[in-house]
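Spelled out, the chains give:
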Amino acid sequence: MRSLKGAFMTQLLIRLFIRRPNSPQDPRVRAAYGNLASVVGMVCNILLCLGKFVVGTLFGSIAITADALNNLSDASSNIVSLVGFKLAAKAPDAEHPYGHARFEYLAGLVVSVTILGIGFSLLKESVTKVLHPTPVQFGWLTVAVLVVSILVKLWMSRFNRTIGRTIGSETLIATAADSRSDVFSTLAVLLGLVISRLTGFNLDGYMGVAVALLILWTGVKVVKETSDPLLGTAPAREVVDDIYRTILSYDGILGLHDLNVHMYGEGRTFASVHCEVDAHEDILASHDLVDNIERDFLKQKNIHLVIHMDPIVVDDAPTNALREQVREVLRGISPEITMHDFRVVWGKTHSNVLFDVCVPFGFRYTDAALLDEIANGIYMLGKNYVPVVTVDHSYVPEHRQDS
């Protein structure tokens, strides 16, 4: 029943404050979702902070005061997130042609640093309280405030997770996780208060230390989650597989390779790829094909795709036979190696065998050692073959496809 009420409240807020809630891919709608989550979080956390700070001061509990300051840090995080969503919604301009969506990640990074600062401060005060304990008064008002805080934080976790998943916001999903950790920290304070009441042993300082450590752990986790997109992470395997599957579904595309995907925030995805086409096909027809693919990706997937067209010969028997022999050489070295852009310049005294190989990061051979291994294998096929090989490293999760 409580879960249904929480879901009802979430949907009610969305209906009241979000226009066109079913269009989260629209930057303005996405910003509205983010603003709503930030304002709701800010109001709830400020009220919780005030309630806990009053009872913590009245009853002399460092643990409750620490939990109040934890809510205050959450409120400041909501303010930073609100500013981040507003800045992220700005349209691209001459200085930032890829948009401003990464402001959201910067806001998350500021939030995480704030959380760490408060965590260290609370840890210092709590350790002092452990070394020099002072009496803590028990009161049912304190219990009521802590129980209400747990219920509110449970709802906030669900609320932020729902909106975060709706608009694809790592910041809000991290905020939901932070709210869940707040539930455990407040529960620990409540249990410590009850145990201290029943046993007479003062656990207040120890509970303060536990809350501070939880805050620090949350801060470290949020630092990683918000800094990874800024550093540049590989796209999800599902995204890569979908791009391969979609492009290969077009008649006339024989293969693809050298896929790169760059994320500049939600809804700001840029990609480039090499697509192989029949060298005997009319070049204008092939060019029209890749133009259509680029337009379809922007319209259907909101991905700005740039395609480099690679014409390949598919009906030359000697080239095809040699390609299969070289592929066997590569498999003998490692099944992790893939090959593309294979072609042969046939000559009377020697023939240049040109192709690229792609290996994963952390491959057991250095690039130079791998080239030596490949050259030795090709010389075994024929001494008149001259290998001209380029080693690539994939910037996306592996998708097996040799050309």
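Keep in mind that what you see is a predicted model, and the values were worked out from it rather than measured.

Enquirer: Help me understand the overall build of the protein in this model?
Expert: Per the secondary structure count, the protein includes 11 helices and 6 strands. For the protein, the C-alpha radius of gyration of 29 Å lies well beyond 22 Å, the compact-globule estimate for 403 residues. With the C-alpha coordinates aligned to their principal axes, the bounding extent of the protein is approximately 95 × 50 × 45 Å. Across the 403 residues of the protein, 46% fall into the buried class. If you take every contact in the protein between residues at least 6 apart in sequence, the share linking residues at least 24 apart comes to 68%.

Enquirer: I would appreciate a short explanation of the environment of Ser149 in the present structure.
Expert: Structurally, Ser149 is set in helix 5 (residues 140-167). For Ser149, a relative accessible area of 0% gives the class buried. Spatially, the C-alpha atoms of Ser149 and Asp182 are 9.0 Å apart, while their sequence positions differ by 33 residues. When neighbours within four sequence positions are excluded, Ser149 is seen to be in contact with Leu48, Lys52 and Thr186.

Enquirer: When you look at the packing of helix 3 (residues 62-88) against helix 6 (residues 170-199) in this model, what are you seeing that I'm missing?
Expert: Two quantities define a packed helix pair, namely the angle between the helix axes and the distance between the axes. Following both chains from N to C, one finds helix 3 and helix 6 inclined at 170 degrees, their axes separated by 11 Å at the closest point. The pairing of helix 3 with helix 6 is recorded here as roughly antiparallel in orientation. Counting all contacts with helix 3, which are made through Ala63, Ile64, Asp67, Asn70, Asn71, Asp74, Asn78, Ser81 and Phe85, the residues of helix 6 involved are Thr171, Leu172, Thr175, Asp178, Asp182, Ser185, Thr186 and Val189.

Enquirer: Sorry, what's going on with a nonpolar patch on the surface here?
Expert: On the surface, a cluster of nonpolar side chains totalling about 430 Å² of accessible area is made up of Val39, Val43, Ile46, Leu47 and Leu50. Inspection of the secondary structure puts Val43 in helix 2 (residues 27-59).

Enquirer: Help me understand the sheet that holds strand 4 (residues 338-345), please; the structure alone is not making it clear to me.
Expert: Hydrogen bonds between backbone groups are what pair the strands of a sheet, and the pairing can be parallel or antiparallel. With respect to topology, 3 strands assemble into an open sheet ordered 4-5-6, the strand pairing being mixed. At either end of the open sheet lies a strand with only one pairing partner, and these are strand 4 and strand 6 (385-393). The mean angle between the axes of side-by-side strands here comes to 15 degrees, regardless of whether they run parallel or antiparallel. Where strand 5 (residues 351-359) and strand 6 come together, 9 bridges link them in parallel fashion. Across the sheet, Asn352 pairs through a bridge with Val386, a residue of strand 6. Sheet strands in contact with helix 10 (residues 317-333) are strand 4, strand 5 and strand 6, and its direction is about 140 degrees off that of strand 4. Running at roughly 150 degrees to strand 6, helix 11 (residues 367-381) makes contact with strand 5 and strand 6 of the sheet.

Enquirer: Can you help me understand the packing of aromatic side chains in this one?
Expert: Aromatic ring pairs are reported here in terms of the distance separating the ring centres and the angle at which the planes meet. The final tally for this structure, using the stated rule, is 6 aromatic pairs. With 5.6 Å between their ring centres and 85 degrees between their planes, Tyr264 and Phe270 make a pair best called edge-to-face. Given a relative accessible area of 22%, Tyr264 falls into the partly exposed group. A centroid spacing of 5.8 Å and a plane angle of 45 degrees characterise the contact between Phe363 and Tyr365, whose relative ring orientation is tilted. Classification of Phe363 by relative accessible area gives buried; the value is 11%.

Enquirer: Even after reading the chapter, I still don't get the sheet that holds strand 3 (residues 303-312), so can you show me in this structure?
Expert: Spatial strand order, 1-2-3: 3 strands in an open sheet with mixed pairing. The open sheet terminates on both sides in strands that have one partner only, identified here as strand 1 (255-263) and strand 3. Taken over all neighbouring pairs, the strand axes of this sheet differ in orientation by 15 degrees on average, direction set aside. The pairing of strand 1 with strand 2 (residues 269-278) spans 7 bridges and is antiparallel. Of the residues in strand 2, the one forming a bridge with Met263 is Thr269. Here helix 9 (residues 283-301) sits on the sheet and contacts strand 2 and strand 3; the angle it forms with strand 3, its principal contact strand, is near 160 degrees.

Enquirer: Help me understand the environment of Leu322 in this model?
Expert: Secondary-structure assignment places Leu322 in helix 10. Look at Leu322 and you get buried, because its relative accessible area is 1%. With 175 residues separating them along the chain, Leu322 and Val147 place their C-alpha atoms 74 Å apart. When sequence neighbours within four positions are dropped, the list of residues in contact with Leu322 reads Phe342, Val344, Trp346, Val353, Leu381 and Tyr385.

Enquirer: How should I be thinking about the side chain of Asp310 in this particular structure?
Expert: Tracing the sequence through the fold places Asp310 in strand 3. As a buried residue without a salt bridge, Asp310 has its nearest oppositely charged side chain in Arg343, at a separation of 7.6 Å. There is a polar contact of 3.0 Å between the side chain of Asp310 and the side chain of His308. Residues contacting Asp310, with those up to four places away along its chain left out, are His257, His274, Cys275, Glu276, Val277 and Asp341.

Enquirer: Would you mind showing me how to read the pairing of strand 2 here?
Expert: Looking along a regular strand, one sees side chains alternate from face to face of the sheet. For strand 2, the tally of buried residues reaches 7 of 10 residues, placing the bulk of the element in the interior. With 10 bridges joining them, strand 2 and strand 3 adopt parallel strand pairing. Looking at strand 3, one finds that Ser272 is bridged to Val306. Since strand 2 and strand 3 lie parallel, the crossover through helix 9 that links them has a hand, and here it is right-handed.

Enquirer: Would you take a moment to explain the side chain of Ser38 for this structure?
Expert: Note on placement: Ser38 falls in helix 2. Contact partners of Ser38, with chain neighbours within four places excluded, come to Asn78, Ser81, Leu82 and Phe85.

Rules of the game
- Residues numbered from 1 in each chain as written.
- Predicted model: local features only at pLDDT ≥ 70, side-chain atom pairs only at ≥ 80, totals over all residues.
- Heavy atoms only, no water.
- Helix = DSSP H or I, 4+ residues; strand = E, 2+ residues; numbered from the N terminus.
- Rg over C-alpha atoms; globule rule 2.2 N^0.38 Å.
- Buried < 20%, exposed > 50% of the residue type's maximum accessible area, 1.4 Å probe, protein only.
- Contact = heavy atoms within 4.5 Å.
- Axes fitted to C-alpha atoms, helices over the stretch in contact; angles between N-to-C directions.
- Parallel < 35°, antiparallel > 145°, perpendicular 65-115°, else oblique.
- Patch = residues over 30% accessible without salt bridge, like charges linked within 9 Å, V, L, I, M, F, W, Y side chains within 5 Å.
- Areas by Shrake-Rupley, 256 points an atom, 1.4 Å probe, with all protein chains shown as cover.
- Salt bridge = Lys/Arg side-chain N within 4 Å of Asp/Glu carboxyl O.
- Pairing = 2+ DSSP bridges.
- Phe/Tyr/Trp six-rings, centres within 6.5 Å; stacked < 30°, edge-to-face > 60°.
- Lys, Arg positive; Asp, Glu negative; His and termini not counted.
- Polar contact = N/O pair within 3.5 Å; in protein donor to acceptor, adjacent residues only side chain to side chain.
- Right-handed = clockwise from strand over helix to strand, strands pointing away.

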